[in-house]
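Descriptive structure summary
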Amino acid sequence: MKVVNLKQAILQAWKERWSDYQWAINMKKFFPKGATWDILNLAEALLEQAMIGPSPNPLILSYLKYAISSQMVSYSSVLTAISKFDDFSRDLCVQALLDIMDMFCDRLSCHGKAEECIGLCRALLSALHWLLRCTAASAERLQEGLEAGTPAAGEKQLAMCLQRLEKTLGSTKNRALLHIAKLEEASSWTAIEHSLLKLGEILANLSNPQLRSQAEQCGTLIRSIPTMLSVHSEQPNKTGFPTVHALVLLEGTMNLTGETQPLVEQLMMVKRMQHIPTPLFVLEIWKACLVGLIESPEGTEELKWTAFTFLKIPQVLVKLKKYSHGDKDFTEDVNCAFEFLLKLTPLLDKADQRCNCDFTDFLLQECRKQGLLSEASVNNLMTKRAADREHAPQQKSGENANIQPNPGLILRAEPTVTNILKCSSGLDFLSCPQTMDADHSKSPEGLLGVLGHMLSGKSLDLLLAAAAATGKLKSFARKFINLNEFTTHGSEESTKSASVRALLFDISFLMLCHVAQTYGSELVCTRAGAPTRLVTRLLSQVILSESSAGAEVPFFETWIQTCMPEEGKILNPDHPCFRPDSTKVESLVALLNNSSEMKLVQMNWHEACLSISAAILEILNAWENGVLAFESIQKITDNIKGKVCSLAVCAVAWLVAHVRMLGLDEREKSLQMIRQLAGPLYSENTLQFYNERVVIMSSILEHMCADVLQQTATQIKFPSTGMDTMPYWNLLPPKRPIKEVLTDIFAKVLEKGWVDSRSIHIFDTLLHMGGVYWFCNNLIKELLKETRKEHTLRAVELLYSIFYLDMQQVTLVLLGHILPGLLTDSSKWHSLMDPPGTALAKLAVWCALSSYSSHKGQASSHQKKRHREDIEDYISLFPLDDMQPSKLMRLLSSNEEDANILSSPADRSMSSSLSASQLHTVNMRDPLNRVLANLFLLISSILGSRTAGPHTQFVQWFMEECVDCLEQGSRGSILQFMPFTTVSELVKVSAMSSPKVVLAITDLSLPLGRQVAAKAIAAL
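One numbering rule holds for all chains: residues counted from 1, following each sequence as written. With the structure being a predicted model, the display of local features is reserved for residues of pLDDT at least 70 and the display and counting of side-chain atom pairs for 80 or more, all residues being used for whole-chain, interface and lining totals. The side-chain quantities take in all heavy atoms of the structure and omit both hydrogens and water.

1. A short note on the packing of helix 3 (residues 42-50) against helix 4 (residues 58-69)
Pairs of packed helices are described in terms of their axes, by the angle between the two and the distance that separates them. Helix 4 packs onto helix 3 with a crossing angle of 160 degrees between their chain directions and a minimal axis gap of 8 Å. Taken together, the axes of helix 3 and helix 4 are roughly antiparallel relative to one another. Every pair of crossing elements has a handedness; the one defined by helix 3 and helix 4 is left-handed. Where helix 3 abuts helix 4, its residues Ala43, Leu46, Leu47, Gln49 and Ala50 lie against Ile60, Leu61, Tyr63 and Leu64. Here the contact of helix 3 with helix 4 is built from residues that sort into eight nonpolar, one polar and no charged. Here, axes are lines fitted to C-alpha atoms. For helices the fit covers the stretch in contact, and angles between N-to-C directions go from 0 to 180 degrees. Only runs of H or I of at least four residues qualify as helices and only runs of E of at least two qualify as strands under DSSP, and these elements are numbered from the N terminus. Roughly parallel means an angle under 35 degrees; roughly antiparallel means over 145; roughly perpendicular covers 65 to 115; every other angle is labelled oblique. Whether a crossing is left-handed or right-handed is set by the direction in which the near helix is turned from the far one by less than a right angle, anticlockwise for left-handed and clockwise for right-handed. We call two residues in contact when some of their heavy atoms are within 4.5 Å. Gly falls in the polar group here, along with every residue not listed as nonpolar (Ala, Val, Leu, Ile, Met, Phe, Trp, Tyr, Cys, Pro) or charged (Asp, Glu, Lys, Arg).

What follows is the structure in structure tokens.
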């Protein structure tokens, strides 16, 4: 008889009492080969027939068990069929279904298409929901039985349900499949959560502690499924974290004016990647601040570090608090960090000596103000520190007794800056004496008094440091630009008002130059491709603001962009900016040469500043041709610097550019003129605040002339200001190859275990001189020489922090040039062995993640600007057209025959290069995105290659580090550039064949990503 109805076939088998193998043979005869048993719903049909009576039909159940064992039916079809049974009152039927589940619930697998694997995930989710409902029903029956005095039956069934739940959820693979199913069917997961709540309420009244404990354990496992990727173990056995230390030092040394948010994000990324516990993380930040402050050179650098420690870092911690799970927890962590810090007594004693105060007291009070510590914690910590200070080495009595401590001065300067900025422009100056916005014409004498006071001592540097650390320096500088612009020209003025105007112009000009040299200016006129110094690049746009469209650019902005020499900036002395109207130049030359002193009334100071360069050229020519004697030159230079120091600054700015263009034997007179202009004028006929202005002028001229004096081996004595105005200048030893300097300084840093401020400046100078590729390549070579594991790990942490000097460009070189070179050249594979290979993989992942996250958020200004000339054009290196082979992929031509290995037969339709980034429509014109995409193509090719070696091991370490550094929900990370087909190749590597790894490396926000993950996990 030819049977075509499945139900009839099952009934016939039952009537004729076929054995299970007979049944299987006959079923295959009855039904054509085209249709699969799952399409015919064989499992559901068998269960339906087996469960008709109050107890299950053992013969039909034996057919189902045979079908499962012989893989006639898939696990997903059986689970789906079981989950449709909802008459939990039939104990024997329920127990039979639980027995069937017991056959395979901890060893689920599927080797079919991706859709079938997703089907298994959904079926498992349905089965979990069914188990929870079944457990709840059994628990209710048990309660009823207890009330009736017959508990045994209900207890047995509940124990069976909990046992199956535990067995199903105990498998990481099953939980991973459920994780995917939750993302596929959010509504079903909500139903599971409701069932779990209901079950918890029922079991709360259960008297059996063993069953209740078992149920709680199952509940915990279910609740852990959505967050199964976010569990990371922290490192309690380590107390020093060089990366955090170096990052804070780098920021304090070179980026005081930078915004706090990028620093917070960088620190959080390091904390997450290195799994640093919060108390030790905060402790490391404070340790770095203490070290930076103690080792900072006296003067401006010390004030900058004080402002950074007491004003900026508390703000950084306030922002870090928002990343913490609870305010109370973070406050406790900060308190714990201070408890650790108090144990570092020698460090705190040294800080007390350097600051001439109780450093800890100031710091604790500032943290209390910011809500980082409670009053009780502060009092407790202060008591402990007071006890320690009694045993501290005492300074000589009276020594520094009259010197006010810098922390106190900085903390008082901060509200002053706020007041200066706060007063609205509508107020009269006299009613708001600290305002810089007032109508300057109403009380210029009062304003001059305030500015004169700011010039005295270190008042100006204190205000600037406080403004820089609180992000107000740009607004502060804008006030001076407005004032400077207002005082450039005057009309119908008396001699007194003319001298006040000249002084206001001069002081504002000198202050702005000082700000630009100390904190950096945005050089909008830098030639394309010319390198700029990190100091200029790192520090935010302090002076130059975005002028509103159509608005006239203020004189000072024009001058600083075109005329002011800075490190790494070459000026053309014949540029049109140095060649103003000839009639104005002639009148200025006549004025300087003939007058006994500079006239002030109705003087247009901006024109004088722009004309002085051409005037100096005329005077130099006259001197060289013998028209003017040296005495005349002295008189002219005295006139230039006698009243308004800014004229001398403008003159020297041009002379510096001019000297660069002269031959060795032509420089003498120009350098002599710089000497004449640099010295102060000893005369009683100078304007107010002359000595204070000369101090700033000398500092400005010293900075301006530093490069050219070094190149011409000339010495000019600038008036001493009582401190080293250029503390980090000229750090490299002369006549020594820079590669030697790099290897030596890195060896010293590695031996010491942390980077200091001086080393940071040396590394920055070397990066500037050698270029990104030279710098990165040589440091990677040093890393690969290390053979001891602890040394390689320390080297990675230090290199990662050093690379923050220019993280974006270093990452492009590392991932786009150095790694592909190592991975594709078999002669270099030996260098990728463990431990240096593991360390390099870790470093590459850290750099990639840092660059990509700051890149997405457009982090700090110093990472926005591409300025190096030695980076290849990434568009040509990695072309956009997928049909055109990139340079990198041509390196892999030896693996061309392996191209098809990348995809399994079931996935041949999927392009071997298709990745989540393409589905997210990521901009592939971006160099970093292109480099990442090509690196992952290379990784995919290595995994699919028939040749294994250290490079294959390196790829495994790289992927392991990617997984280790990922956080829950970090979709859109660098792994989105990995081709989907790489997943199936990766799981063949024993160390990567884990469900959690598969979940971590695939983009589960995409349906295709979930299919790929399900297929890989189901096949494990």
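2. What to know about the packing of aromatic side chains
Two rings from Phe, Tyr or Trp (for Trp, the six-membered ring) form a pair when their centres are within 6.5 Å of each other. A pair whose planes differ by under 30 degrees is stacked, one over 60 is edge-to-face, and the rest are tilted. Using the criterion set out here, one finds 19 aromatic pairs in the structure. Plain terms: the ring middles of Phe936 and Phe958 are 6.0 Å apart, the flat faces sit at 65 degrees to each other, and that makes the pair edge-to-face. One end of the pair, Phe936, is in helix 42 (residues 927-944); the other, Phe958, is in helix 43 (residues 950-965), and 22 residues separate them in sequence. An identical accessibility class is assigned to Phe936 and Phe958; each is buried. Members of the aromatic cluster, joined through ring pairs, are Phe505, Phe509, Phe555, Phe556, Trp559 and Trp605. Sitting over the ring of Phe281, Lys271 keeps its end group 6.0 Å from the ring centre. Here the guanidinium or amino end of Lys752 rests over the ring plane of Trp754, the centre of that ring lying 4.6 Å away. When accessible area is computed with a 1.4 Å probe and restricted to protein chains, residues below 20% of their type maximum are described as buried, those above 50% as exposed, and intermediate ones as partly exposed. We count a charge as sitting over a ring when the NZ of a lysine or the CZ of an arginine lies within 6 Å of the ring centre and within 35 degrees of the ring normal.

3. Overview of helix 4
With twelve residues, helix 4 ought to run about 16 Å at 1.5 Å a step, and its terminal C-alpha atoms sit 16 Å apart, in line with that. Looking at helix 4, one finds that the buried residues are Ile60, Leu61, Tyr63, Leu64, Ala67 and Ile68. Angular distribution of buried residues about the axis of helix 4 spans 150 degrees; they occupy a single face of the element. Structural note: helix 4 exposes Pro58 and Ser69 on the side pointing more than 90 degrees away from its buried face. Along its buried surface, helix 4 packs onto helix 1 (6-15), helix 2 (20-30), helix 3, helix 5 (75-83) and helix 6 (91-104). At the N-terminal boundary of helix 4, the capping side chain belongs to Asn57, with an oxygen 3.1 Å from the backbone nitrogen of Leu59. After helix 4 finishes, the residue Gln71 shows a positive phi value of roughly 60 degrees. For a helix, the expected span equals 1.5 Å multiplied by the residue count minus one. Each C-beta atom gives one direction from the helix axis, and the arc is the one those directions make. Here a polar contact means two N or O atoms within 3.5 Å. Within protein one must be a hydrogen donor candidate and the other an acceptor candidate, and residues neighboring in sequence count only if both atoms are side-chain atoms.

4. Notes on the nonpolar core
In these notes, a set of buried Ala, Val, Leu, Ile, Met, Phe, Trp, Tyr and Cys residues joined through side-chain atoms within 4.5 Å is what counts as a nonpolar core. Judged by nonpolar contacts, the single largest core of 340 residues is most densely connected at Trp23, Phe476, Trp559, Phe775 and Phe803. For this core, the element with the highest residue contribution is helix 7 (residues 114-148), accounting for 17 residues.

5. Focus on helix 43
The end-to-end C-alpha distance of helix 43 is 22 Å, a good match for the 22 Å that 16 residues give at a rise of 1.5 Å each. Burial in helix 43 covers these residues: His951, Thr952, Phe954, Val955, Gln956, Trp957, Phe958, Met959, Glu961, Cys962, Val963 and Cys965.

6. Section: the pattern of salt bridges
For this analysis, a salt bridge means a side-chain nitrogen from Lys or Arg found within 4 Å of a carboxyl oxygen belonging to Asp or Glu. Taken as a whole and assessed by the stated rule, the structure comprises 29 salt bridges. One salt-bridge network, in which partners are shared between bridges, spans Asp349, Asp352, Asp358, Arg385 and Arg389.

7. Some words on unusual backbone geometry
Backbone torsion omega between Asp834 and Pro835 reads 10 degrees, so that peptide bond is classified as cis. By secondary structure assignment, the location of Pro835 is in the loop between helix 37 (807-824) and helix 38 (836-856). You will see that Asn356, though not glycine, has its phi angle at about 60 degrees, which is positive. For Asn356, the position within the fold is in the loop between helix 17 (345-355) and helix 18 (359-369).

8. Considerations on the environment of Glu445
For Glu445, the position within the fold is in helix 21 (residues 444-455). For the pair Glu445 and Leu504, spaced 59 residues apart in sequence, the C-alpha separation works out to 9.2 Å. The contact partners of Glu445, leaving out residues within four places of it in the chain, are Lys496 and Val500.

9. Thoughts on the side chain of Thr982
Summarising the element assignment, Thr982 is placed in helix 44 (residues 981-986). Residue Thr982 is classed as buried on the basis of its relative accessible area of 0%. One polar contact links Thr982 to Ser940, side chain to side chain, over a distance of 3.2 Å. The contacts of Thr982, once residues within four sequence positions are left out, are Ser940 and Leu943.

10. Thoughts on the environment of Trp37
Counting through the fold element by element, Trp37 comes out in the loop between helix 2 and helix 3. Along the sequence, Trp37 and Met72 sit 35 residues apart, while their C-alpha atoms lie 6.5 Å from each other. Once residues lying within four places of it in the same chain are set aside, the contact partners of Trp37 are Leu6, Met27, Lys28, Phe31, Leu42, Met72 and Val73.

11. Quick notes on the side chain of Asp756
Mapped onto the elements, Asp756 comes out in the loop between helix 33 (738-752) and helix 34 (757-770). Taking the relative accessible area as the measure of exposure, Asp756 reaches 13% and is therefore buried. Among the polar contacts made by the side chain of Asp756, one reaches the side chain of Ser759 at a distance of 2.6 Å. Among residues more than four places away in sequence, those in contact with Asp756 are Leu249 and Glu295.

12. Topic: the state of the cysteines
Throughout, a disulfide means two cysteine sulfur atoms within 2.5 Å of one another. If you walk through the whole model with that rule in mind, you get zero disulfides. Here Cys121 is not disulfide-linked; the sulfur of Cys117 is the nearest cysteine sulfur, at 7.5 Å. Overall, Cys121 belongs to the buried group, its relative accessible area being 1%. Not engaged in a disulfide, the cysteine Cys609 finds its nearest cysteine sulfur in Cys650; these two sulfurs lie 3.7 Å apart. A relative accessible area of 3% means that Cys609 is categorised as buried.

13. Let's talk about the confidence of the model for the chain
The predictor attaches a confidence to each residue, called pLDDT, with possible values from 0 through 100. Of all residues in the chain, 82% attain a pLDDT of 70 or more, and the chain-wide mean is 78. Per-residue pLDDT, averaged within each element of the chain, yields its smallest value for helix 25 (residues 534-538) (34) and its largest for helix 35 (residues 772-785) (92). Low confidence marks residues 523-550, where pLDDT is under 50. Its contacts with residues over four positions away, or in another chain, come to 81 contacts. The model gives residues 879-909 a pLDDT under 50, and that stretch makes 46 contacts with residues more than four places away or in other chains.

14. Thoughts on the environment of Trp754
Within the secondary structure, Trp754 is located in the loop between helix 33 and helix 34. What makes Trp754 partly exposed here is its relative accessible area of 27%. The spatial distance from the C-alpha of Trp754 to the C-alpha of Val244 is 9.9 Å, given a sequence separation of 510 residues. If we skip the residues at most four places from it in the chain, Trp754 touches His245, Val291, Glu295, Val749 and Leu798.

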